[in-house]
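This is what each chain is made of:
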Amino acid sequence: MHLSRRHFLATSAAALALPYGRAWAATTVAMGPVRIDSLSDGHLELPLDFAFADLPEAEVSALMARHGLAAGGLTPPCNLTLLRDGTNTVLFDLGSGPDFMPTAGKVIEALEALGLTPEDVTHVLITHGHPDHLWGLLDEFDEPVFAQAEYMIGQAEFDYWMDPATVESIGEERASFAIGASRRLEVVADSIRKLADGEEALPGITARLTPGHTPGHLAYEIATPEGALMVVGDAIGNHHIAFERPDWPSPSDQDPPLAAASRVALLERLAADSIPFIGYHLPQGGIGRVEKTETGYRFTGEI
Ligand SMILES: [Zn+2]
């Protein structure tokens, strides 16, 4: 397996004058005929409570010190996965698009850095319907960005976001997520393919239901001649707690106990079979493996 990391940083005076840089990075893994790139859509800016609200203060202080976190908040990266096998150009998730946060929605620039345009993408495989994964479906004129692509999502995930009752049941702070998701899925509703757990999305790419973060969250398992690789989306949502204490409930998950059960089962599999994976919000392109420790797991940036 061959790995390279490339980091692109726009250093024009104009870019530096902004509160955030126009920065993106790509990490490339070659597995036989399959080439996988992790692309940056930018990053999010979130209050610490998003990840830590339910934890004791002493635990939070210790975690922040251990991971060098600033008191002002979290700035998780957003890693999209791009797979090319010579026939298909497959994008996993769509990024935030223009309407969610000014620090995210950069995937088109990341594709450009690889010499690709949105029209080159043949398939879009969606892990779940949250804004930073789905809202990039539409551009600022409400036109689909990846106009040539076939879309796929979990059946349960599609049904959840398209249910008119979800905007009420999801809670006030996520009501805008429901409105934004249904508006975007509506655009592709006639053609989007809905996947069942264990169904093959494309030859060698299998949907794995990992519910809890959202009701129909999917990970995607990619089989190559050189072994498997898993796109885990937000089933492993951070590197501060999810590995050390995977069984702890996270307020970023919509059903924290169910998400914790999915996370524990997924980590068990990834560690037992030493499967490399890409996490949407994990550091350094999000690619790595896990090793079991005394009490939980350790994320390694190694492939
Ligand atoms: Zn999410």
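Counting from 1, residues in each chain are numbered in the order their sequence is written. In keeping with the model being predicted, local features are shown solely for residues with a pLDDT of at least 70 and side-chain atom pairs are shown and tallied solely at 80 or more, while totals for entire chains, interfaces and linings include all residues. With hydrogens and water excluded, all non-hydrogen atoms of the structure serve as input to the side-chain values.

Asks: Describe the sheet that holds strand 13 (residues 277–279), listing the residues and the values that go with them.
Replies: Here seven strands make up an open sheet; going across it, the order is 9-10-11-12-13-14-15 and the pairing mixed. Each edge of the sheet is formed by a strand with only one pairing partner; in this case those strands are strand 9 (200–202) and strand 15 (297–300). Between one strand axis and the next, the sheet turns by 35° as a mean value, whatever way the strands run. Residue contacts are defined here by distance: any two heavy atoms, one from each residue, within 4.5 Å place the two residues in contact. Working convention: axes come from line fits to C-alpha atoms, limited for helices to the stretch in contact. Angles between N-to-C directions cover 0 to 180 degrees. Each helix is a run of H or I in the DSSP string that is no shorter than four residues. Each strand is a run of E no shorter than two, and both are numbered from the N terminus. Lying on the sheet, helix 9 (residues 256–272) is in contact with strand 11 (218–224), strand 12 (227–233), strand 13, strand 14 (287–292) and strand 15; it crosses strand 12 at an angle near 155°. Two strands form a pair only when DSSP identifies at least two bridges running between them.

Asks: So, the nonpolar core: which residues are in play, and what are the values?
Replies: Residue types Ala, Val, Leu, Ile, Met, Phe, Trp, Tyr and Cys, when buried and joined through side-chain atoms within 4.5 Å, form a set referred to as a nonpolar core. Relative accessibility decides the category of a residue: with a 1.4 Å probe and only protein chains considered, values under 20% of the type maximum give buried, values over 50% give exposed, and everything between is partly exposed. Ranked by internal contacts, the top residues of the largest apolar core, which has 49 residues, are L39, F52, F146 and Y151. For this core, the secondary-structure elements that each account for two or more residues are helix 3 (57–67), strand 4 (77–84), helix 4 (107–113), strand 7 (150–154), helix 6 (155–162) and helix 8 (175–188). Among the elements that line this core, the one with the most residues is helix 8, at five residues. Excluding residues within four positions of it along the chain, F146 makes contact with L91, L94, V107, L111, P118, V121, V124, G136 and Y151. V29, L83, L195 and L229 belong to the second largest nonpolar core, which has 21 residues in total.

Asks: Please provide a residue-by-residue account of the coordination of the zinc ion, values included.
Replies: As a rule, N, O and S atoms within 2.8 Å of a metal are its donors, except that Na, K and Ca use 3.2 Å; water is not among the atoms, so sites may look incomplete. The coordination sphere of the zinc ion contains the protein donors H128 (NE2), H130 (ND1), H213 (NE2) and D234 (OD), at a distance range of 2.1 to 2.3 Å. Coordination at the zinc ion is irregular: its four donor atoms span angles of 87 to 172° at the metal. Donor residues for the zinc ion, ordered by position in the chain, follow H-x1-H-x82-H-x20-D. Like H128, the residue H130 is buried in the burial classification. Labels for metal geometry use angle windows, namely 85 to 135 degrees for all angles of a four-donor tetrahedral site, and for square planar (four donors) or octahedral (six donors) sites opposite donors over 155 degrees apart plus all others within 65 to 115; sites meeting none of these are irregular.

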